[in-house]
Amino acid sequence: MLRYVAKRVLMSVITVFIILGLLFTMLHAMPGSPFNDEKITDVQRANLEAKYGLDKPVPVQFGNYVKAMLSGDFGVSYVFQKNMPVSELLKTRIPVSIRIGVQAVLLGTVIGLIMGILAALKRNSPLDTAATVVSVIGVSFPSYVFAMAMSYLIGYWLGWLPLIYSTADPGRSTIMPTISLCMFSMATVARFARTEMVEVMGSDYMLLADSKGIPVWRLLGVHGLRNALIPIITVLAPLTVELMTGSLVVEQIFAIPGIGSLLVSAIQFNDYNVVLAVVFVYSIMFIGVMLVVDILYGIIDPRIRLAKKEG
């Protein structure tokens, strides 16, 4: 298992650098530069590019960037917040997005599992129908639709929660974004949980365990849910990264100073260093979550762990 994890980590590191290299090349191939201000003369633009090393060949720039990045230096913002270290921008924005994302993942997973399990136990009942309807609504409407509806009804009309994010009251400010973001994950988990639990509950080994008089809670928790978790985890992994890195539109609706809105602004301004840093964070989080998922596979199902050892 340790050998497999080490191999996966090495492949992940290589993947991150390949992603950075491709993005670095594409950013520099785009028309324009960070210094597109019409008030800047050609001479001034050339001086600025020389100051930040943008006049060098792309491979040289990439090598310098990687060398600085490995020491924790992501450069400075060219335009978005001029000359501010990118690490400082990330330091203030990443925690906000991660907090809202983690809340949305946990809330959506817990409610989705409960809905799916209850729907599987009460198949073809009104409860099953209600859970199916809620799941269809959750996957049919984008998160920003729920965000706008909640913003108007709860924030504006009822005035129960802040309309926009407030650093003075982050707890209440994250409630509506969390609920709007968790709807899709909740519906997805509920659908997969119901399908897998129905299949597992009808299997021979579950019928045998039930005939032996095993309590329902143990039958579901130890034998049923454990075998149904693998496909749920597979679907939930990319959703987790997406929610933790922030929904671009939802962050705009609630004026959340998160990493998603930072990426949008950086792309608009051609702020290369900020774009690269945010994508680096995205890549690390995605690959890290997928690595955790691989490890969880082996923990949940020993057959997968055995297959990895044989491989």
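Here is a short report on the structure shown in this document. Sequence order as written defines the numbering, with residues in each chain counted from 1. Note on the predicted model: pLDDT of at least 70 is required for a residue's local features to be given, and 80 or more for side-chain atom pairs to be given and counted; whole-chain, interface and lining totals, by contrast, use all residues. To obtain the side-chain values, all non-hydrogen atoms of the structure were included, while hydrogens and water were left out.

1. A few points about the overall build of the protein
Going along the chain from the N terminus, every DSSP run of H or I of four or more residues is numbered as a helix, and every run of E of two or more is numbered as a strand. Across its full length, the protein holds 14 helices and zero strands. Helices and strands in the protein line up, N terminus first, as α-α-α-α-α-α-α-α-α-α-α-α-α-α. The contact criterion used is simple: two residues touch if any of their non-hydrogen atoms lie within 4.5 Å. Contacts in the protein between residues far apart in sequence, at least 24 positions, make up 71% of those at least 6 positions apart. For the area figures, the Shrake-Rupley method with a 1.4 Å probe applies, and any residue is considered shielded solely by the protein chains shown. Put simply, the protein shows about 16,800 Å² of open surface, and 68% of that area lies on carbon and sulfur atoms.

2. Notes on the nonpolar core
The biggest cluster of nonpolar side chains holds 37 residues, and the ones touching the most others in it are Y65, F74, L90, V274, V275, L276 and V278. The set of elements that each furnish at least two residues to this core consists of helix 1 (2–29), helix 3 (58–70), helix 4 (86–121), helix 10 (216–244), helix 12 (259–268) and helix 13 (272–300). Counting residues per element, this core draws most heavily on helix 13, at 13 residues. Excluding its chain neighbours within four sequence positions, the residues that come into contact with V274 are S77, V86, L89, L262 and A266. Listed in part, the 15 residues of the second largest apolar core include I100, M150, Y165 and C182. In this description, a nonpolar core means a group of buried Ala, Val, Leu, Ile, Met, Phe, Trp, Tyr and Cys residues linked to one another through side-chain atoms lying within 4.5 Å. Accessible area is worked out with a 1.4 Å probe on protein chains only. A residue is then buried under 20% of its type maximum, exposed over 50%, and partly exposed in between.

3. A few points about the packing of helix 6 (residues 143–157) against helix 8 (residues 175–201)
The convention used is that axes are lines fitted to C-alpha atoms, helices contributing only their stretch in contact, and that angles between N-to-C directions extend from 0 to 180 degrees. Here helix 6 crosses helix 8 at 145°, and the two axes come no closer than 8 Å. By crossing handedness, the relation of helix 6 to helix 8 is classed as right-handed. Residues S143, F146, A147, M150, S151, I154 and G155 of helix 6 touch helix 8, and the partners they reach there are M176, I179, S180, L181 and M183. Per-class residue counts for the contact of helix 6 with helix 8 are eight nonpolar, four polar and no charged. Crossings are sorted by hand: turned counterclockwise from the far helix by less than a right angle, the near helix makes the crossing left-handed, and turned clockwise it makes it right-handed. Polar here means any residue other than Ala, Val, Leu, Ile, Met, Phe, Trp, Tyr, Cys and Pro, which are nonpolar, and Asp, Glu, Lys and Arg, which are charged; Gly is therefore polar.

4. Some thoughts on the pattern of salt bridges
A side-chain nitrogen of Lys or Arg and a carboxyl oxygen of Asp or Glu constitute a salt bridge if their distance falls within 4 Å. With the rule as written, the count across this model stands at three salt bridges. Residues K91 and E88 are paired through a salt bridge, measuring 3.3 Å at the closest nitrogen-oxygen approach. Separated by three residues within a single helix, K91 and E88 lie in helix 4, roughly one turn from each other. Judged by relative accessible area, K91 falls into the exposed class, the value being 54%. What makes E88 partly exposed here is its relative accessible area of 35%. Here D128 and R194 are joined by a salt bridge, their closest N and O atoms 2.8 Å apart.

5. Let's talk about the layout of surface pockets
In this analysis, the protein atoms alone were mapped onto a 1 Å grid. Cavities are point sets where a 1.4 Å probe fits without being able to get out; pockets are open sets with protein on both sides within 12 Å along at least five of seven lines; lining residues have an atom within 4 Å of a point. Grid points are joined across faces, edges and corners, and a volume is the space filled by probe spheres set on the points. What the largest pocket holds in volume is close to 320 Å³. Along its surface, the largest pocket is lined by 18 residues, and Y52, Q61, Y65, Y78 and N273 are the ones closest to its centre. Those elements giving two or more residues to the lining of the largest pocket turn out to be helix 1, helix 3 and helix 13. Considering each element in turn, the lining of the largest pocket owes the most residues, four residues, to helix 3.

6. Some details on the packing of aromatic side chains
A pair of aromatic rings is counted whenever rings of Phe, Tyr or Trp (Trp by its six-membered ring) have centres within 6.5 Å, and the orientation is called stacked for planes under 30 degrees apart, edge-to-face for over 60 and tilted otherwise. As enumerated under the stated definition, the model contains five aromatic pairs in all. With a centroid separation of 5.7 Å and 50° between ring planes, the pair formed by F74 and F280 is classed as tilted. Placement of the pair is F74 in the loop between helix 3 and helix 4 and F280 in helix 13, with a sequence separation of 206 residues. The burial state of F74 is the same as that of F280; both residues are buried. With 6.2 Å between their ring centres and 70° between their planes, F141 and F146 make a pair best called edge-to-face. By relative accessible area, F141 is classed as partly exposed at 42%. The exposure class of F146 is buried, given its relative accessible area of 17%. Site record: aromatic cluster; members linked through ring pairs are F24, F62 and Y65.

7. Digging into the side chain of Q61
Take Q61: it is sitting in helix 3. Counting of polar contacts relies on pairs of N or O atoms within 3.5 Å, with two restrictions inside protein: one atom must be capable of donating a hydrogen and the other of accepting it, and residues adjacent in sequence are counted only when both atoms are side-chain atoms. There is a polar contact of 2.6 Å between the side chain of Q61 and the backbone oxygen of K56. When sequence neighbours within four positions are dropped, the list of residues in contact with Q61 reads F24, H28, G53, L54, D55 and K56.

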